[in-house]
Amino acid sequence: MTGPLDARTARRRFVAVNFLFWLPVGLYIPSQVLLLTERGMGLAVVGGLFAVHSLTVSALELPTGGLSDVIGRRTVLAAAGVLNLVALVLLALGTTVWALAVAMALMGSGRALSSGPAEAWYVDTVQAHSGPGAELRTGLARGGTASAAALAVGTLLGGGLPLLLGLGPDLGARLTTATSGLVLPLSVPALLGAGVGLVFVAYVLTALPEPPRPRPTLRDVLRGVPATALDGLRLGARDFLIRRVLLTAGATGSALATIELLTPGRAADLTGTPESGAVLFASLACAGFVCTALGNHCAPLTARLTGSGERAVMAGIGLSATGLLLLGLTVLWNGPAALTLAATGYALVYFGLGAAGPNKNDLLHRRVDSTGRATALSVQSLALQSSGALAGLVAGALPAGPLPWLPGAALLLAGALLWVRRSGQKPEGGTPLGVGVPPSVRTA
(Lines give C-alpha, C1' and ligand atoms only; values in the text may rest on other atoms or scores of the structure.)
Protein backbone atom coordinates (compact mmCIF):
# COMPACT_ATOMS: atom_id res chain seq x y z
CA MET A 1 0.00 0.00 0.00
CA THR A 2 1.30 3.46 -0.88
CA GLY A 3 1.31 6.36 1.57
CA PRO A 4 -1.07 9.32 1.45
CA LEU A 5 -0.83 11.75 -1.43
CA ASP A 6 1.42 14.75 -0.96
CA ALA A 7 -0.25 18.13 -0.40
CA ARG A 8 0.38 19.43 -3.92
CA THR A 9 -1.15 16.37 -5.59
CA ALA A 10 -4.11 16.36 -3.21
CA ARG A 11 -4.71 20.04 -3.91
CA ARG A 12 -4.60 19.51 -7.67
CA ARG A 13 -7.12 16.66 -7.49
CA PHE A 14 -9.37 18.60 -5.12
CA VAL A 15 -9.43 21.48 -7.62
CA ALA A 16 -10.27 19.09 -10.48
CA VAL A 17 -13.09 17.43 -8.53
CA ASN A 18 -14.65 20.78 -7.65
CA PHE A 19 -14.47 22.00 -11.24
CA LEU A 20 -15.99 18.79 -12.64
CA PHE A 21 -18.81 18.76 -10.08
CA TRP A 22 -19.93 22.37 -10.55
CA LEU A 23 -19.51 22.64 -14.33
CA PRO A 24 -22.75 20.69 -15.04
CA VAL A 25 -24.60 22.93 -12.56
CA GLY A 26 -23.44 26.01 -14.46
CA LEU A 27 -24.44 24.41 -17.76
CA TYR A 28 -28.07 23.81 -16.85
CA ILE A 29 -28.74 26.95 -14.73
CA PRO A 30 -29.41 29.38 -17.66
CA SER A 31 -31.79 27.08 -19.52
CA GLN A 32 -33.48 25.27 -16.61
CA VAL A 33 -36.55 27.47 -16.16
CA LEU A 34 -36.90 28.07 -19.91
CA LEU A 35 -36.77 24.34 -20.62
CA LEU A 36 -39.47 23.62 -18.05
CA THR A 37 -41.77 26.30 -19.42
CA GLU A 38 -41.08 25.08 -22.97
CA ARG A 39 -42.34 21.68 -21.81
CA GLY A 40 -45.61 23.38 -20.83
CA MET A 41 -45.02 23.87 -17.10
CA GLY A 42 -46.47 27.02 -15.55
CA LEU A 43 -44.50 29.14 -13.13
CA ALA A 44 -46.41 27.68 -10.18
CA VAL A 45 -45.36 24.18 -11.25
CA VAL A 46 -41.78 25.33 -11.75
CA GLY A 47 -41.81 26.81 -8.26
CA GLY A 48 -43.12 23.50 -6.91
CA LEU A 49 -40.34 21.60 -8.66
CA PHE A 50 -37.74 23.92 -7.14
CA ALA A 51 -39.36 23.31 -3.75
CA VAL A 52 -38.91 19.56 -4.24
CA HIS A 53 -35.18 20.16 -4.75
CA SER A 54 -34.84 22.45 -1.74
CA LEU A 55 -36.80 20.20 0.61
CA THR A 56 -34.81 17.16 -0.48
CA VAL A 57 -31.51 18.91 0.19
CA SER A 58 -32.67 20.13 3.60
CA ALA A 59 -33.99 16.73 4.64
CA LEU A 60 -30.86 14.82 3.60
CA GLU A 61 -28.11 17.34 4.43
CA LEU A 62 -27.21 16.01 7.88
CA PRO A 63 -27.78 12.27 7.26
CA THR A 64 -25.63 12.32 4.13
CA GLY A 65 -22.87 14.21 5.93
CA GLY A 66 -22.89 11.54 8.60
CA LEU A 67 -22.89 8.85 5.93
CA SER A 68 -19.68 10.28 4.46
CA ASP A 69 -18.03 10.22 7.88
CA VAL A 70 -19.12 6.61 8.41
CA ILE A 71 -18.55 4.84 5.08
CA GLY A 72 -16.02 7.10 3.36
CA ARG A 73 -15.71 10.19 1.20
CA ARG A 74 -15.13 8.62 -2.21
CA THR A 75 -18.17 6.33 -2.13
CA VAL A 76 -20.55 9.12 -1.16
CA LEU A 77 -19.06 11.57 -3.66
CA ALA A 78 -19.34 9.04 -6.50
CA ALA A 79 -22.95 8.36 -5.52
CA ALA A 80 -23.63 12.10 -5.68
CA GLY A 81 -22.23 12.18 -9.19
CA VAL A 82 -24.37 9.27 -10.33
CA LEU A 83 -27.54 10.84 -8.93
CA ASN A 84 -26.76 14.16 -10.58
CA LEU A 85 -26.05 12.43 -13.88
CA VAL A 86 -29.41 10.61 -13.86
CA ALA A 87 -31.18 13.78 -12.73
CA LEU A 88 -29.76 15.81 -15.62
CA VAL A 89 -30.84 13.19 -18.17
CA LEU A 90 -34.36 13.17 -16.71
CA LEU A 91 -34.41 16.96 -16.65
CA ALA A 92 -33.34 17.13 -20.29
CA LEU A 93 -35.77 14.49 -21.55
CA GLY A 94 -38.64 14.56 -19.04
CA THR A 95 -42.01 15.75 -20.34
CA THR A 96 -44.29 15.09 -17.35
CA VAL A 97 -44.45 16.74 -13.96
CA TRP A 98 -43.77 13.45 -12.18
CA ALA A 99 -40.65 12.70 -14.20
CA LEU A 100 -39.35 16.21 -13.58
CA ALA A 101 -40.20 15.95 -9.86
CA VAL A 102 -38.13 12.77 -9.69
CA ALA A 103 -35.30 14.60 -11.46
CA MET A 104 -35.42 17.41 -8.89
CA ALA A 105 -35.49 14.95 -5.99
CA LEU A 106 -32.49 13.09 -7.40
CA MET A 107 -30.66 16.37 -7.97
CA GLY A 108 -31.40 17.43 -4.41
CA SER A 109 -30.14 14.09 -3.13
CA GLY A 110 -26.95 14.46 -5.13
CA ARG A 111 -26.47 17.99 -3.83
CA ALA A 112 -26.87 16.82 -0.24
CA LEU A 113 -24.46 13.91 -0.76
CA SER A 114 -21.86 16.24 -2.28
CA SER A 115 -21.92 18.71 0.61
CA GLY A 116 -18.61 18.07 2.35
CA PRO A 117 -17.00 14.81 1.13
CA ALA A 118 -14.58 16.39 -1.38
CA GLU A 119 -13.36 19.02 1.07
CA ALA A 120 -13.22 16.47 3.89
CA TRP A 121 -11.15 14.16 1.65
CA TYR A 122 -8.72 16.97 0.86
CA VAL A 123 -8.22 17.95 4.50
CA ASP A 124 -7.90 14.31 5.63
CA THR A 125 -5.34 13.61 2.92
CA VAL A 126 -3.19 16.68 3.57
CA GLN A 127 -3.21 16.13 7.32
CA ALA A 128 -2.38 12.44 6.90
CA HIS A 129 0.68 13.46 4.88
CA SER A 130 1.81 16.62 6.70
CA GLY A 131 0.24 16.37 10.14
CA PRO A 132 -2.65 18.20 11.85
CA GLY A 133 -0.85 21.54 11.51
CA ALA A 134 -0.68 21.33 7.71
CA GLU A 135 -1.46 24.46 5.71
CA LEU A 136 -5.02 24.14 4.37
CA ARG A 137 -6.07 27.65 3.36
CA THR A 138 -4.39 27.68 -0.06
CA GLY A 139 -6.01 24.43 -1.15
CA LEU A 140 -9.43 25.46 0.15
CA ALA A 141 -9.09 28.77 -1.68
CA ARG A 142 -8.14 27.11 -4.96
CA GLY A 143 -10.98 24.63 -4.61
CA GLY A 144 -13.43 27.49 -4.15
CA THR A 145 -11.91 29.30 -7.11
CA ALA A 146 -12.35 26.20 -9.26
CA SER A 147 -16.01 25.85 -8.22
CA ALA A 148 -16.82 29.47 -9.03
CA ALA A 149 -14.87 29.34 -12.30
CA ALA A 150 -16.79 26.21 -13.34
CA LEU A 151 -20.09 27.95 -12.63
CA ALA A 152 -19.00 31.01 -14.63
CA VAL A 153 -17.80 28.95 -17.61
CA GLY A 154 -20.83 26.69 -17.45
CA THR A 155 -23.25 29.62 -17.29
CA LEU A 156 -21.76 31.22 -20.39
CA LEU A 157 -21.65 27.95 -22.31
CA GLY A 158 -25.06 26.75 -21.16
CA GLY A 159 -26.67 30.08 -21.96
CA GLY A 160 -25.12 30.38 -25.41
CA LEU A 161 -25.35 26.78 -26.64
CA PRO A 162 -29.11 26.73 -27.45
CA LEU A 163 -28.70 30.00 -29.35
CA LEU A 164 -25.73 28.64 -31.32
CA LEU A 165 -27.71 25.51 -32.25
CA GLY A 166 -30.30 27.74 -33.92
CA LEU A 167 -27.80 29.47 -36.19
CA GLY A 168 -26.88 28.45 -39.73
CA PRO A 169 -28.34 25.07 -40.62
CA ASP A 170 -30.43 25.14 -37.40
CA LEU A 171 -29.10 21.96 -35.84
CA GLY A 172 -31.44 22.47 -32.89
CA ALA A 173 -34.57 22.16 -35.03
CA ARG A 174 -33.14 19.09 -36.77
CA LEU A 175 -32.37 17.51 -33.42
CA THR A 176 -35.90 18.17 -32.17
CA THR A 177 -37.41 16.69 -35.33
CA ALA A 178 -35.17 13.64 -35.26
CA THR A 179 -36.13 12.87 -31.64
CA SER A 180 -39.86 13.63 -32.11
CA GLY A 181 -39.60 16.58 -29.74
CA LEU A 182 -37.86 14.65 -26.95
CA VAL A 183 -34.62 16.64 -27.23
CA LEU A 184 -34.99 20.40 -27.53
CA PRO A 185 -32.14 22.86 -28.04
CA LEU A 186 -32.68 23.84 -24.40
CA SER A 187 -32.12 20.19 -23.44
CA VAL A 188 -28.59 20.10 -24.82
CA PRO A 189 -26.84 21.92 -21.91
CA ALA A 190 -28.27 19.43 -19.41
CA LEU A 191 -27.25 16.47 -21.59
CA LEU A 192 -23.76 17.92 -21.91
CA GLY A 193 -23.73 18.30 -18.14
CA ALA A 194 -24.63 14.62 -17.79
CA GLY A 195 -21.60 13.77 -19.93
CA VAL A 196 -19.38 15.85 -17.67
CA GLY A 197 -20.99 14.08 -14.72
CA LEU A 198 -19.86 10.74 -16.10
CA VAL A 199 -16.29 12.05 -16.25
CA PHE A 200 -16.68 13.30 -12.66
CA VAL A 201 -17.71 9.87 -11.36
CA ALA A 202 -14.83 8.15 -13.14
CA TYR A 203 -12.35 10.70 -11.78
CA VAL A 204 -13.60 10.36 -8.22
CA LEU A 205 -13.32 6.58 -8.31
CA THR A 206 -9.80 6.60 -9.74
CA ALA A 207 -8.14 9.73 -8.34
CA LEU A 208 -9.31 10.02 -4.72
CA PRO A 209 -7.62 7.25 -2.71
CA GLU A 210 -8.65 6.90 0.91
CA PRO A 211 -6.92 5.15 3.79
CA PRO A 212 -8.42 1.74 4.55
CA ARG A 213 -11.24 1.84 7.05
CA PRO A 214 -13.20 -0.97 8.70
CA ARG A 215 -16.01 -2.16 6.45
CA PRO A 216 -19.22 -1.07 8.23
CA THR A 217 -22.14 -3.43 8.52
CA LEU A 218 -25.69 -2.28 7.88
CA ARG A 219 -26.19 -2.14 11.64
CA ASP A 220 -23.11 0.05 12.02
CA VAL A 221 -24.41 2.45 9.38
CA LEU A 222 -27.91 2.60 10.88
CA ARG A 223 -26.40 3.36 14.29
CA GLY A 224 -23.53 5.55 13.15
CA VAL A 225 -25.25 7.95 10.76
CA PRO A 226 -27.94 9.21 13.20
CA ALA A 227 -25.36 9.49 15.99
CA THR A 228 -23.03 11.42 13.72
CA ALA A 229 -25.79 13.77 12.56
CA LEU A 230 -26.98 14.39 16.14
CA ASP A 231 -23.46 15.16 17.28
CA GLY A 232 -23.08 17.52 14.35
CA LEU A 233 -26.04 19.53 15.61
CA ARG A 234 -24.30 19.85 18.98
CA LEU A 235 -21.12 21.29 17.49
CA GLY A 236 -22.13 24.91 17.90
CA ALA A 237 -23.02 24.44 21.55
CA ARG A 238 -19.67 22.81 22.33
CA ASP A 239 -17.29 25.29 20.74
CA PHE A 240 -17.47 29.08 20.48
CA LEU A 241 -15.59 29.32 17.18
CA ILE A 242 -17.77 26.70 15.48
CA ARG A 243 -20.81 28.57 16.73
CA ARG A 244 -19.50 31.71 15.02
CA VAL A 245 -18.88 29.76 11.81
CA LEU A 246 -22.46 28.46 11.79
CA LEU A 247 -23.97 31.86 12.58
CA THR A 248 -21.87 33.42 9.82
CA ALA A 249 -23.10 30.76 7.40
CA GLY A 250 -26.66 31.69 8.35
CA ALA A 251 -25.96 35.37 7.68
CA THR A 252 -24.41 34.45 4.32
CA GLY A 253 -27.45 32.40 3.35
CA SER A 254 -29.74 35.31 4.18
CA ALA A 255 -27.72 37.68 2.00
CA LEU A 256 -27.57 35.29 -0.96
CA ALA A 257 -31.31 34.59 -0.79
CA THR A 258 -32.00 38.33 -0.73
CA ILE A 259 -29.87 38.93 -3.82
CA GLU A 260 -31.30 35.98 -5.76
CA LEU A 261 -34.86 37.10 -5.03
CA LEU A 262 -34.53 40.84 -5.61
CA THR A 263 -31.83 41.23 -8.27
CA PRO A 264 -33.89 40.04 -11.31
CA GLY A 265 -36.59 42.65 -10.69
CA ARG A 266 -34.00 45.33 -9.97
CA ALA A 267 -32.22 44.46 -13.23
CA ALA A 268 -35.49 44.88 -15.14
CA ASP A 269 -36.08 48.25 -13.47
CA LEU A 270 -32.60 49.46 -14.41
CA THR A 271 -32.83 48.39 -18.06
CA GLY A 272 -36.50 49.20 -18.64
CA THR A 273 -37.83 45.84 -19.87
CA PRO A 274 -38.01 42.28 -18.51
CA GLU A 275 -36.18 40.90 -21.55
CA SER A 276 -33.20 43.22 -21.23
CA GLY A 277 -33.32 42.72 -17.47
CA ALA A 278 -32.96 38.97 -17.99
CA VAL A 279 -29.85 39.54 -20.10
CA LEU A 280 -28.42 41.84 -17.43
CA PHE A 281 -29.18 39.33 -14.68
CA ALA A 282 -27.48 36.51 -16.60
CA SER A 283 -24.43 38.73 -17.03
CA LEU A 284 -24.48 39.62 -13.35
CA ALA A 285 -24.73 35.97 -12.36
CA CYS A 286 -21.63 35.16 -14.37
CA ALA A 287 -19.86 38.22 -12.96
CA GLY A 288 -20.83 37.11 -9.45
CA PHE A 289 -19.19 33.73 -9.99
CA VAL A 290 -16.06 35.45 -11.32
CA CYS A 291 -15.93 37.76 -8.29
CA THR A 292 -16.36 34.76 -5.98
CA ALA A 293 -13.48 33.03 -7.75
CA LEU A 294 -11.29 36.13 -7.35
CA GLY A 295 -12.26 36.38 -3.69
CA ASN A 296 -11.41 32.71 -3.13
CA HIS A 297 -8.07 33.19 -4.84
CA CYS A 298 -7.28 36.18 -2.63
CA ALA A 299 -8.31 34.44 0.63
CA PRO A 300 -4.73 33.53 1.71
CA LEU A 301 -3.57 37.06 0.90
CA THR A 302 -6.47 38.48 2.91
CA ALA A 303 -5.42 36.41 5.91
CA ARG A 304 -1.83 37.65 5.60
CA LEU A 305 -2.86 41.29 5.23
CA THR A 306 -5.29 41.21 8.16
CA GLY A 307 -3.05 39.12 10.39
CA SER A 308 -5.23 36.05 10.93
CA GLY A 309 -7.96 33.89 9.44
CA GLU A 310 -10.52 35.27 11.88
CA ARG A 311 -9.82 38.87 10.89
CA ALA A 312 -9.94 37.85 7.24
CA VAL A 313 -13.45 36.44 7.76
CA MET A 314 -14.50 39.68 9.47
CA ALA A 315 -13.08 41.78 6.63
CA GLY A 316 -14.68 39.64 3.90
CA ILE A 317 -18.14 39.53 5.50
CA GLY A 318 -17.93 43.25 6.29
CA LEU A 319 -17.11 44.02 2.65
CA SER A 320 -20.11 41.93 1.54
CA ALA A 321 -22.40 43.77 3.97
CA THR A 322 -21.20 47.07 2.49
CA GLY A 323 -21.96 45.82 -1.02
CA LEU A 324 -25.46 44.69 -0.08
CA LEU A 325 -26.21 48.04 1.56
CA LEU A 326 -25.02 49.74 -1.62
CA LEU A 327 -27.36 47.56 -3.68
CA GLY A 328 -30.28 48.56 -1.47
CA LEU A 329 -29.49 52.26 -1.63
CA THR A 330 -29.39 52.32 -5.44
CA VAL A 331 -33.06 51.30 -5.51
CA LEU A 332 -33.88 54.92 -4.69
CA TRP A 333 -32.97 56.16 -8.19
CA ASN A 334 -32.26 54.97 -11.76
CA GLY A 335 -29.75 55.94 -14.41
CA PRO A 336 -26.11 55.21 -15.25
CA ALA A 337 -24.85 56.19 -11.80
CA ALA A 338 -27.27 53.82 -10.08
CA LEU A 339 -26.35 51.04 -12.49
CA THR A 340 -22.64 51.54 -11.81
CA LEU A 341 -23.09 51.62 -8.04
CA ALA A 342 -25.37 48.56 -8.14
CA ALA A 343 -22.81 46.60 -10.16
CA THR A 344 -20.11 47.67 -7.70
CA GLY A 345 -22.22 46.55 -4.75
CA TYR A 346 -22.97 43.23 -6.43
CA ALA A 347 -19.26 42.63 -7.04
CA LEU A 348 -18.37 43.53 -3.44
CA VAL A 349 -20.91 41.06 -2.06
CA TYR A 350 -19.51 38.10 -3.97
CA PHE A 351 -15.84 39.06 -3.69
CA GLY A 352 -16.18 39.46 0.08
CA LEU A 353 -17.96 36.13 0.52
CA GLY A 354 -15.34 34.46 -1.67
CA ALA A 355 -12.49 35.87 0.43
CA ALA A 356 -14.18 34.88 3.71
CA GLY A 357 -15.14 31.31 2.75
CA PRO A 358 -11.75 29.50 2.69
CA ASN A 359 -10.60 31.30 5.83
CA LYS A 360 -13.79 30.34 7.65
CA ASN A 361 -13.52 26.71 6.59
CA ASP A 362 -9.83 26.59 7.50
CA LEU A 363 -10.81 27.54 11.05
CA LEU A 364 -13.59 24.95 11.05
CA HIS A 365 -11.35 22.10 9.95
CA ARG A 366 -8.90 22.82 12.77
CA ARG A 367 -11.73 22.37 15.30
CA VAL A 368 -13.04 18.99 14.10
CA ASP A 369 -11.32 15.72 13.31
CA SER A 370 -11.84 13.37 10.39
CA THR A 371 -14.67 11.45 12.10
CA GLY A 372 -16.90 14.52 11.99
CA ARG A 373 -15.51 16.67 9.21
CA ALA A 374 -18.15 16.07 6.54
CA THR A 375 -20.90 16.34 9.15
CA ALA A 376 -19.60 19.74 10.25
CA LEU A 377 -19.66 20.94 6.64
CA SER A 378 -23.22 19.64 6.27
CA VAL A 379 -24.32 21.49 9.42
CA GLN A 380 -22.80 24.65 7.97
CA SER A 381 -24.61 24.11 4.66
CA LEU A 382 -27.89 23.46 6.49
CA ALA A 383 -27.49 26.73 8.41
CA LEU A 384 -26.93 28.58 5.14
CA GLN A 385 -29.92 27.02 3.37
CA SER A 386 -32.43 27.26 6.21
CA SER A 387 -31.63 30.89 6.98
CA GLY A 388 -31.77 31.65 3.26
CA ALA A 389 -35.26 30.19 2.99
CA LEU A 390 -36.46 32.31 5.93
CA ALA A 391 -34.78 35.46 4.60
CA GLY A 392 -36.41 34.96 1.21
CA LEU A 393 -39.84 34.85 2.83
CA VAL A 394 -39.12 38.00 4.83
CA ALA A 395 -37.72 39.94 1.85
CA GLY A 396 -40.65 38.91 -0.32
CA ALA A 397 -43.18 40.10 2.27
CA LEU A 398 -41.67 43.58 2.70
CA PRO A 399 -42.84 46.53 0.54
CA ALA A 400 -40.82 47.36 -2.56
CA GLY A 401 -37.91 49.74 -2.22
CA PRO A 402 -34.74 49.67 -0.11
CA LEU A 403 -36.41 47.92 2.85
CA PRO A 404 -36.28 44.31 1.54
CA TRP A 405 -32.51 44.62 1.11
CA LEU A 406 -31.86 45.77 4.69
CA PRO A 407 -32.45 42.55 6.72
CA GLY A 408 -29.88 40.62 4.68
CA ALA A 409 -27.37 43.47 4.95
CA ALA A 410 -27.97 43.80 8.68
CA LEU A 411 -27.44 40.07 9.22
CA LEU A 412 -24.21 40.18 7.21
CA LEU A 413 -23.00 43.10 9.30
CA ALA A 414 -23.86 41.18 12.46
CA GLY A 415 -21.98 38.20 11.03
CA ALA A 416 -18.90 40.37 10.56
CA LEU A 417 -19.16 41.75 14.12
CA LEU A 418 -19.13 38.19 15.47
CA TRP A 419 -15.43 38.05 14.57
CA VAL A 420 -14.34 41.23 16.33
CA ARG A 421 -13.22 39.28 19.40
CA ARG A 422 -10.62 36.63 18.57
CA SER A 423 -11.05 33.13 19.96
CA GLY A 424 -8.36 30.92 21.40
CA GLN A 425 -6.19 28.85 19.10
CA LYS A 426 -7.34 25.51 20.55
CA PRO A 427 -10.84 24.10 20.74
CA GLU A 428 -12.51 23.66 24.10
CA GLY A 429 -10.99 20.61 25.73
CA GLY A 430 -7.72 21.09 23.84
CA THR A 431 -8.35 18.52 21.09
CA PRO A 432 -10.21 18.52 17.77
CA LEU A 433 -13.89 17.77 18.08
CA GLY A 434 -15.05 14.41 16.75
CA VAL A 435 -18.50 12.90 16.56
CA GLY A 436 -20.16 10.07 18.35
CA VAL A 437 -19.98 7.25 15.80
CA PRO A 438 -19.30 3.71 16.96
CA PRO A 439 -15.54 3.01 17.18
CA SER A 440 -15.90 0.15 14.70
CA VAL A 441 -16.71 2.56 11.89
CA ARG A 442 -14.32 5.42 12.68
CA THR A 443 -11.53 6.23 10.25
CA ALA A 444 -8.53 4.01 10.85
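Use the structure listed above.
Residues numbered from 1 in each chain as written. Predicted model: local features only at pLDDT ≥ 70, side-chain atom pairs only at ≥ 80, totals over all residues. Heavy atoms only, no water.

A few points about the pattern of salt bridges
Line of reasoning, step 1. Tallying each qualifying case throughout the model produces 4 salt bridges.
Line of reasoning, step 2. The shortest N-O distance in the salt bridge between Arg137 and Asp362 comes to 3.3 Å. Here Arg137, found in helix α6 (residues 137-165), pairs with Asp362, found in helix α15 (residues 336-365); they are 225 residues apart in sequence, far enough to count as distant. As far as burial versus exposure is concerned, Arg137 and Asp362 are alike and both buried.
Line of reasoning, step 3. The network of salt bridges with common partners includes Arg137, Asp362 and Arg366. (Salt bridge = Lys/Arg side-chain N within 4 Å of Asp/Glu carboxyl O. Helix = DSSP H or I, 4+ residues; strand = E, 2+ residues; numbered from the N terminus. Buried < 20%, exposed > 50% of the residue type's maximum accessible area, 1.4 Å probe, protein only.)

Considering the packing of helix α1 (residues 7-38) against helix α5 (residues 117-130)
Line of reasoning, step 1. For the pair α1 and α5, the least separation of the axes is 9 Å and the interaxial angle reads 175 degrees. The pairing of α1 with α5 is recorded here as roughly antiparallel in orientation. Where α1 abuts α5, its residues Ala7, Ala10, Arg11, Arg13, Phe14, Val17 and Asn18 lie against Ala118, Glu119, Trp121, Tyr122, Thr125, Val126 and His129.
Line of reasoning, step 2. For the contact of α1 with α5, the per-class residue count stands at 8 nonpolar, 3 polar and 3 charged. (Axes fitted to C-alpha atoms, helices over the stretch in contact; angles between N-to-C directions. Parallel < 35°, antiparallel > 145°, perpendicular 65-115°, else oblique. Contact = heavy atoms within 4.5 Å. Nonpolar A, V, L, I, M, F, W, Y, C, P; charged D, E, K, R; others polar.)

Here we look at the state of the cysteines
Line of reasoning, step 1. Applying the stated criterion to the full structure yields 0 disulfides.
Line of reasoning, step 2. No disulfide involves Cys291; its sulfur sits 9.7 Å from the nearest other cysteine sulfur, which is in Cys286.
Line of reasoning, step 3. Note on Cys291: relative accessible area 15%, which makes it buried. (Disulfide = S-S within 2.5 Å.)

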